[in-house]
Amino acid sequence: MPEGHTLHRLARLHERRFAGVRVRVTSPQGRFAEGAAAVSGRVFQRSDAWGKHLFHHYEGGRVVHVHLGLYGTFTEFEIPDGAEPPPPVGQVRMRIIGGRYGTDLRGPTVCEVIGEPGVDEIIARLGPDPLRPDADPDRAWTRISNSRRAIGALLMDQKVIAGIGNVYRSELLFRHGIDPFRPGKQLEEAEFCAMWRDLVELMKVGLRTGRIHVVRPEHDHGPPAYAPGRPRTYVYRRTGEPCRVCGTAVSTAQLEARNVYWCPSCQR
């Protein structure tokens, strides 16, 4: 599932390409036909993100809310002067065309038209987003410090912190030497503050580069990344491989129905 930095990158890209433009919105697949008709022909005013939620704001107070889920993707394309847009390929839920640019959305969990009050309702259910300048980490700390749930589960709970996925969760805990099964209420406030600062910086790197870079330069060697073209990780998807710091075999287990990865020596 795309993590928060991906949605913020999309928000910036779509705002840069479509803001102030009267766009044409269609649903080649047909599943979003009514929603597309409700915003097509309107001016695309702005785009923003909160955690894993993307919002396209149109004139008249209409907003297209997108959650990519596990399989959703946007494909961007450019339209040469005088040319027609390329034909849709596959199951395109929503197509936006404005000026020289277009984007196709496939496979999202959510693609719906809501009003501005609906945006507020969604945001009210979410925790602070580390990539937003108005993020309030004290809200996350209050929830964590009063919970008996494992910190590894709390970090994945979007009501606690919005935008963290499995990669950032596993890697952040490794970088701070914290066992993912430690109850939230046993975390020290200084530990949380250090993790929050680190998370903000790591997600800013992801926003800037489009990739999750978590391995410090002095450890960026040894076995390759878990998949071709991906930066190295410390523990994510490295079950049984040697820890890049101490050499202990990386462990994995199920934590609230999701795999979590950690080093039993570095994260006591």
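Procedures and definitions
Residues numbered from 1 in each chain as written. Predicted model: local features only at pLDDT ≥ 70, side-chain atom pairs only at ≥ 80, totals over all residues. Heavy atoms only, no water. Phe/Tyr/Trp six-rings, centres within 6.5 Å; stacked < 30°, edge-to-face > 60°. Helix = DSSP H or I, 4+ residues; strand = E, 2+ residues; numbered from the N terminus. Buried < 20%, exposed > 50% of the residue type's maximum accessible area, 1.4 Å probe, protein only. Domains from an automatic or database assignment. Contact = heavy atoms within 4.5 Å. Buried area = accessible area lost by both parts, 1.4 Å probe. Salt bridge = Lys/Arg side-chain N within 4 Å of Asp/Glu carboxyl O. Polar contact = N/O pair within 3.5 Å; in protein donor to acceptor, adjacent residues only side chain to side chain. Nonpolar A, V, L, I, M, F, W, Y, C, P; charged D, E, K, R; others polar. Pairing = 2+ DSSP bridges. Axes fitted to C-alpha atoms, helices over the stretch in contact; angles between N-to-C directions. Patch = residues over 30% accessible without salt bridge, like charges linked within 9 Å, V, L, I, M, F, W, Y side chains within 5 Å. Areas by Shrake-Rupley, 256 points an atom, 1.4 Å probe, with all protein chains shown as cover. Arc of directions from axis to C-beta.

Turning our eyes to something else, we now look at the packing of aromatic side chains. Tallying each qualifying case throughout the model produces eight aromatic pairs. Between the aromatic rings of F18 and F44, the centroid separation amounts to 5.7 Å while the plane-to-plane angle is 50°, which identifies the pairing as tilted. Placement of F18 in helix α1 (residues 4-18) and of F44 in strand β3 (residues 43-50) is noted, with a sequence separation of 26 residues between them. In this pair, the class of F18 matches that of F44, namely buried. Ring geometry for Y226 against Y236: centres 5.1 Å apart, planes inclined by 85°, an arrangement best described as edge-to-face. Of this pair, Y226 sits in the loop between α7 (189-209) and β10 (251-255) while Y236 sits in the loop between α7 and β10, and the two are 10 residues apart along the sequence. Relative accessible area serves as the criterion here: at 14%, Y236 is assigned to the buried category.

The subject of this paragraph is the domain arrangement of the chain. Domain boundaries in the chain define domain 1 (2-123) and domain 2 (135-260). A straight line from the C-alpha centre of domain 1 to that of domain 2 covers 30 Å. On the side of domain 2, 15 residues touch domain 1, which itself brings nine residues to the contact. Taken together, both faces of the contact between domain 1 and domain 2 bury some 930 Å²; the carbon and sulfur share is 58%. Between the two partners, domain 1 and domain 2, sit zero salt bridges. Taken together, the connections running from domain 1 to domain 2 amount to eight residue pairs in polar contact (both at pLDDT 80 or more). At five residues, α1 tops the list of elements feeding residues into the side of domain 1 that touches domain 2. Residue classes in the side of domain 1 that touches domain 2 are distributed as one nonpolar, four polar and four charged.

Turning next to the sheet that holds β3. In space, the five strands of this open sheet follow the order β1-β3-β4-β5-β9, with antiparallel pairing throughout. Single-partner strands in this sheet number two, and they are β1 (21-22) and β9 (110-115). Of the strands in this sheet, β1, β3 and β4 (53-58) touch α1, which is tilted by about 165° from β3. Seen against the sheet, helix α3 (residues 116-124) touches β3, β4, β5 (62-67) and β9 and runs at an angle of roughly 120° to β9.

Let us look at the pattern of salt bridges. For the coordinates displayed, the defined rule picks out 15 salt bridges. With its nearest N and O atoms 2.8 Å apart, the salt bridge here joins E256 to R149. Placement of E256 in the loop between β10 and β11 (258-262) and of R149 in the loop between α4 (137-145) and α5 (151-154) is noted, with a sequence separation of 107 residues between them. Members of the salt-bridge network, linked through shared partners, are R149, D157, K159 and E256.

What follows concerns a nonpolar patch on the surface. A cluster of nonpolar side chains, M1, L70 and Y71, forms an exposed patch at the surface whose accessible area comes to about 380 Å². Of note, M1 is situated in the segment before α1. Using a relative accessible area of 41% as the deciding quantity, one classes M1 as partly exposed.

Sheet architecture is open: four strands sit in the order β2-β7-β8-β6, paired in antiparallel fashion. What marks the edges here is a single partner per strand, and that holds for β2 (24-26) and β6 (73-78). Ignoring strand direction, the axes of neighbouring strands in this sheet form an average angle of 15°. Examined bridge by bridge, β2 and strand β7 (residues 92-98) share three bridges and lie antiparallel to one another. Each residue of the ladder has a partner; that of V25, found in β7, is I96. Packed on one face of the sheet, α1 meets β6, β7 and β8 (101-106) and runs near 30° to β6.

This part takes up the side chain of R175. Relative to the helices and strands, R175 resides in helix α6 (residues 166-175). At 2.8 Å, the side chain of R175 forms a polar contact with the side chain of D198.

Locating S147 in the fold gives a position in the loop between α4 and α5. With residues near it in sequence (within four places) discarded, S147 still touches L154, P183, G184 and K185.

We now examine α4. Of the residues making up α4, those classed as buried are A140, W141 and I144. Taken end-on, α4 shows its buried residues confined to a sector of 100°, consistent with a single buried face. Buried residues along α4 sit in contact with α5 and α7. Where α4 begins, the side chain of D136 points an oxygen toward the backbone nitrogen of D138, at a separation of 3.1 Å.

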